[in-house]
Amino acid sequence: MNLFIQRLSYLKILRPSDYCFFIGLYLINVYIRLIIAFGSFKTMTQWLGHSHKCYQLSSIISEEQMNISRRISLIIKMIEKSSPWHTKCLAQAILARTILGFYRIPYVAHLGATLHSNQKMTMKAHAWIKVGNRIVTGREGHRSFTIIGTFIDKSIIENITL
């Protein structure tokens, strides 16, 4: 119990208006955790958005949308630190995508993979979400992964020219 209270101490840096936001995202995080545990990978990737090859893309956003995405990023970090379970990058990406969709903020989700040449040649995967040119979740270590999947918000599909 003390560990849980200690983890909740991170909430002191949130604004009072963000507490309801935090509680709502925390509950969505529980739901996402269940989907990751019991759902298929196809279901999870469909939740990220429309698959769009393996391009490194960015979306054009307003200053207000950038400020909201910063708040979302901060609150997701707080959820990760206060959860009794480890909220990995895929869960964070799905959580960010869900709330960005609620605010109608265009995003780009990337899935990446890399091979580690240790004794067993293990593969590691990573997920991150971009809003504009800023990474909202999954910033740590994303450059060491090769993009194997790009998912975009439906609102930017019609604006893409390649």
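Above this text sits the structure in question.
Keep in mind that what you see is a predicted model, and the values were worked out from it rather than measured.

A. Just the nonpolar core, in detail. If you look at the biggest cluster of nonpolar residues, it comprises 32 residues, and the most contacted ones within it are L25, L48, I72, I79, L90, L100 and I129. At the level of elements, helix 2 (18–38), helix 3 (41–48), helix 4 (63–82), helix 5 (89–102), strand 2 (108–116) and strand 3 (122–131) are the ones that each hand at least two residues to this core. Ranked by the residues each element gives to this core, the list is headed by helix 5, at 9 residues. Beyond its immediate chain neighbours, meaning those up to four positions away, I129 contacts A93, A96, R97, L100, Y107, V108, A109, R134, I135, V136 and T137.

B. Quick look at the pairing of strand 3. When strand 2 meets strand 3, the two strands line up antiparallel, connected through 9 bridges. What sits directly across from L115, in strand 3, is M123. Pairing of strand 3 with strand 4 (residues 134–137) involves 3 bridges; the strand directions are antiparallel. Directly across from I129, in strand 4, lies its bridge partner T137. Where strand 3 folds back on strand 4, the antiparallel hairpin that results is connected by 2 residues, among which G132 adopts a positive phi of roughly 65°.

C. Focus on helix 3. Every buried residue of helix 3 is listed here: M44, T45 and L48. Considered in projection along helix 3, the buried side chains sweep an arc of 95° and stay on one side of the axis. Residues of helix 3 that are exposed and point more than 90 degrees away from the buried face comprise K42 and Q46. Buried positions along helix 3 lie against helix 2, helix 5, strand 2 and strand 5 (146–152). Just beyond helix 3, the residue with positive phi is G49, at close to 140°.

D. Just a positive patch on the surface, in detail. Together, K77, K81, R139 and R143 make up a positively charged patch on the protein surface. Locating K81 in the fold gives a position in helix 4.

E. Just the environment of C54, in detail. Along the chain, C54 falls in the loop between strand 1 (50–51) and helix 4. In the structure, C54 is positioned 94 residues away from I148 in sequence and 5.5 Å away in space, judged by C-alpha atoms.

F. Representation of unusual backbone geometry in the model. With a phi angle near 55°, R104 is a residue other than glycine that sits in the positive phi range. Structurally, R104 can be placed in the loop between helix 5 and strand 2. The class for R104 is exposed, based on a relative accessible area of 70%.

G. Region of the structure containing the environment of K77. If you trace the backbone, K77 turns up in helix 4. Using a relative accessible area of 44% as the deciding quantity, one classes K77 as partly exposed. Residues K77 and Q92, spaced 15 residues apart in sequence, show a C-alpha to C-alpha distance of 8.6 Å.

H. Structural detail: a nonpolar patch on the surface. Taken together, the side chains of V30, L34 and F38 present a nonpolar region at the surface, about 320 Å² in accessible area. Counting through the fold element by element, F38 comes out in helix 2.

I. Highlighting the side chain of T150. Examined against the element boundaries, T150 turns out to sit in strand 5. Its relative accessible area of 0% is what places T150 among the buried residues.

Definitions and cut-offs
- Residues numbered from 1 in each chain as written.
- Predicted model: local features only at pLDDT ≥ 70, side-chain atom pairs only at ≥ 80, totals over all residues.
- Heavy atoms only, no water.
- Core = buried A, V, L, I, M, F, W, Y, C linked by side-chain atoms within 4.5 Å.
- Buried < 20%, exposed > 50% of the residue type's maximum accessible area, 1.4 Å probe, protein only.
- Helix = DSSP H or I, 4+ residues; strand = E, 2+ residues; numbered from the N terminus.
- Contact = heavy atoms within 4.5 Å.
- Pairing = 2+ DSSP bridges.
- Arc of directions from axis to C-beta.
- Patch = residues over 30% accessible without salt bridge, like charges linked within 9 Å, V, L, I, M, F, W, Y side chains within 5 Å.
- Areas by Shrake-Rupley, 256 points an atom, 1.4 Å probe, with all protein chains shown as cover.
- Salt bridge = Lys/Arg side-chain N within 4 Å of Asp/Glu carboxyl O.
- Lys, Arg positive; Asp, Glu negative; His and termini not counted.
- Charge placed at Lys NZ, Arg CZ, Asp CG, Glu CD.

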